[in-house]
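# Descriptive analysis of the structure
Below, each chain spelled out in residue letters.
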Amino acid sequence: MPNTLQAYRGSLLHFLADPAFSAGPNDSHVWHEDGLLIVADGKVQAAGDYATLHATLPPGTELHDYSGKLLMPGFIDTHVHYPQTDMIASPAEGLLPWLETYTFPTERQFEDPSHAAGVADFFLDELLRCGTTTAMVYCTVHPQSVDAFFAASEQRGLRMVAGKVMMDRNCPDFLRDTAETGARDTEALIRRWHKRGRALYAITPRFAPTSTEAQLHLAGELARSYPDTYIQTHVSENEAECAWVRELFPNSRSYIDVYDSYGMLRPRAMYGHCIWLNEQDRVRMAETQSAAAICPTSNLFLGSGLFDFERADQAGVLLSLATDVGGGTSFSMLQTMNEAYKVARLKGSYLPALRMFYLATLGAARSMQLEGTIGNFAVGAEADFIVLDPQATPLLQRRTARGVSLEELLFALALLGDDRAVAATYSAGRQVHARVMT
Ligand code: GUN
Ligand code: ZN
């Protein structure tokens, strides 16, 4: 059924460029205190000033009034594990014991398609409650976990990227594929799901320690055969993990060089964490347009380390923010910004709120080569947007009551906000979440 024209009034914010690399303070974004977003057939038809635009609306157009609230593109979480939803906040002394103790037994359950379907439903609803409309998602080693995820995503009409974890060593037998079955299952899933509706496929070797060279080779071949698919994996997250990679791949220049040698540094490749990189690694990422997913809540929780924004920016690496649930401790991209800000401070950098909102929207879309499709209100972009409420909690209300600048308003939302600050979420122009006030 074709969507009729819909119009949304509110304070409108979206990005055109990275605030860190823009000439003037107002060149990076579009801000209309009293704005109007016009949506036709699930796409942005216009975004601008209410006073100018409302006269263009045909008589009888439905006008949704979100005055006093912010309309902005939906958040994009570029690294998250849906099967780890039920084990969020599981304590362990670092990444490797956490994987052994909690992650692998939890992921085993996704052999059962009905379990996978139930978790996928909860996970997607949780993302939407938090204002996240697109994510790059790890499934488990089981192909049925991917089918369950994409089916749930298709039902909600979401733009999602996901893939089957490939791992053929250094993991329990019950989660192990082989180089051949991993590649065969991945190829079948690409054919079944990539570009079906809004679904996009990511070739997903878990991380170098759990793949043999034969598996990495086949993953690289798939990445070459299907150049418009995504690649996602973990790199340089934790010092013990990096030492393990040095032992397993003694001939590689560095951890990311392992992936590089199999042709996995390319546009649409998303590398989770990227903490313990060296200069040459960053240069290789930038020149191949490989992207870094920054996972601050996870890196603090597991004690993995602090992402170096300054060095990444010097090299020109594509950046975005990610929750990395269940290593991450919140599904909220606002809470992810809160922790990213503090990580930057500890590294002697400074992350303005405008930049954090850029990284969670257009920055992620650019990292995924999806600018023009999602991430801002460009004419013709898919109308995935959220309504943020600066009065969502008594404290937010008090903090934002007096005249605050846009930067201060966004900063308060990032530091004090979470799912409660998301009044509504829309995907392709359809409301997929509306907050229930208690
Ligand atoms: N490295 C390999 N697997 C994982 C995982 O599931 N979570 C995190 N945070 N790091 C990993
Ligand atoms: Zn992860």
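An unreviewed UniProt entry lists the chain under the name Guanine deaminase, with Rugamonas rivuli as the source organism. Regarding the chain, the UniProt comment filed under Pathway (unreviewed entry) reads as follows: "Purine metabolism; guanine degradation; xanthine from guanine: step 1/1."

### Quick word on the overall build of the chain
Helix and strand counts for the chain come out as 16 helices and 16 strands. Relative to the 2.2 N^0.38 estimate, which gives 22 Å for 438 residues, the radius of gyration of the chain is 21 Å and therefore close to what a compact globule would have. Considered along the principal axes of its C-alpha atoms, the chain spans approximately 65 × 50 × 40 Å. Classification of the 438 residues of the chain by burial places 61% in the buried group. When the accessible surface of the chain is split by element, carbon and sulfur atoms take 51% of a total near 16,300 Å². Mean positive and mean negative side-chain charge positions of the chain (36 and 51 charges, respectively) differ by 2 Å.

### Focus on the pattern of salt bridges
For the structure shown, the criterion picks out 27 salt bridges. Ionic pairing is found between R206 and E107, a salt bridge with its closest N-O pair at 2.9 Å. Taken together, the residues span a long stretch of sequence, with R206 in the loop between β9 (199-205) and α6 (213-225) and E107 in helix α2 (residues 95-108) at a distance of 99 residues. Judged by its relative accessible area of 2%, R206 is buried. Judged by relative accessible area, E107 falls into the buried class, the value being 0%. Taking the shortest distance from any N to any O, the salt bridge between E187 and R191 comes out at 3.7 Å. Here R191 and E187 lie together in helix α5 (residues 179-193), a separation of four residues that amounts to about one turn. The exposure class assigned to R191 is exposed, which follows from its relative accessible area of 63%. When salt bridges with common partners are traced through the structure, they connect R159, R198, E382 and D384 into a single cluster.

### Section: the site of ligand 1
In the vicinity of ligand 1, the contacting residues are H81, Q84, L95, W98, L99, R206, F207, H234, E237, H273 and D324. The separation between a nitrogen atom of ligand 1 and a polar side-chain atom of D324 is 2.8 Å. Expressed as a share of its isolated accessible area of 280 Å², the protein-covered part of ligand 1 is 100%. Cavity membership is defined here by more than half of the atoms lying within 2 Å of grid points; on that basis ligand 1 lies in the largest cavity. Here the shell around ligand 1 takes three residues from α2, the largest share from any one element. Residues belonging to the shell around ligand 1 are distributed by class as follows: four nonpolar, four polar and three charged.

### Things to note about the coordination of the zinc ion (ligand 2)
Ideal geometry at a metal centre gives angles of 109.5 degrees when four donors are arranged tetrahedrally and 90 or 180 degrees when six donors are arranged octahedrally. Every protein donor of the zinc ion (ligand 2) is accounted for by H79 (NE2), H81 (NE2), H234 (NE2) and D324 (OD), and the metal-donor separations fall at 2.0 to 2.3 Å. Considering all four donor atoms around the zinc ion (ligand 2), the spread of angles at the metal, 91 to 167°, places the coordination shape in the irregular class. Mapping the donors of the zinc ion (ligand 2) onto the primary sequence yields the spacing H-x1-H-x152-H-x89-D. Here H79, found in strand β5 (residues 75-81), pairs with D324, found in the loop between β13 (318-321) and α12 (333-346); they are 245 residues apart in sequence, far enough to count as distant. Looking at H79, the relative accessible area reads 1%, which means it is buried. Accessibility expressed as a relative area gives 4% for D324, which makes it buried.

### With respect to the sheet that holds strand β4 (residues 62-73)
Pairing is mixed in the open sheet, where seven strands are placed in the order β3-β2-β1-β4-β14-β15-β16. The strands lining the two open edges of the sheet, one partner per strand, are β3 (43-49) and β16 (430-434). Across the sheet, the mean angle separating the axes of adjacent strands is 35° when strand polarity is ignored. Here strand β1 (residues 6-15) runs beside strand β2 (residues 29-40); their pairing, made up of nine bridges, is antiparallel. In the strand pairing of β2, R9 is matched with L36. Of the strands in this sheet, β1, β2, β4 and β14 (385-388) touch helix α16 (residues 406-416), which is tilted by about 85° from β4.

What counts, and where the lines are drawn
- Residues numbered from 1 in each chain as written.
- Chains lettered and ligands numbered in written order.
- Predicted model: local features only at pLDDT ≥ 70, side-chain atom pairs only at ≥ 80, totals over all residues.
- Heavy atoms only, no water.
- UniProt positions renumbered as here; feature names shortened; annotations may be inferred.
- Helix = DSSP H or I, 4+ residues; strand = E, 2+ residues; numbered from the N terminus.
- Rg over C-alpha atoms; globule rule 2.2 N^0.38 Å.
- Buried < 20%, exposed > 50% of the residue type's maximum accessible area, 1.4 Å probe, protein only.
- Areas by Shrake-Rupley, 256 points an atom, 1.4 Å probe, with all protein chains shown as cover.
- Lys, Arg positive; Asp, Glu negative; His and termini not counted.
- Charge placed at Lys NZ, Arg CZ, Asp CG, Glu CD.
- Salt bridge = Lys/Arg side-chain N within 4 Å of Asp/Glu carboxyl O.
- Near = heavy atom within 4 Å.
- Polar contact = N/O pair within 3.5 Å; in protein donor to acceptor, adjacent residues only side chain to side chain.
- 1 Å grid on protein atoms, 1.4 Å probe; cavity = no way out; pocket = protein on both sides within 12 Å on 5 of 7 lines; lining within 4 Å.
- Sits in = over half its atoms within 2 Å of the grid points.
- Nonpolar A, V, L, I, M, F, W, Y, C, P; charged D, E, K, R; others polar.
- Donors = N, O, S within 2.8 Å, 3.2 Å for Na, K, Ca; no water.
- Tetrahedral: all angles 85-135°; square planar, octahedral: opposite > 155°, others 65-115°.
- Pairing = 2+ DSSP bridges.
- Axes fitted to C-alpha atoms, helices over the stretch in contact; angles between N-to-C directions.
- Contact = heavy atoms within 4.5 Å.

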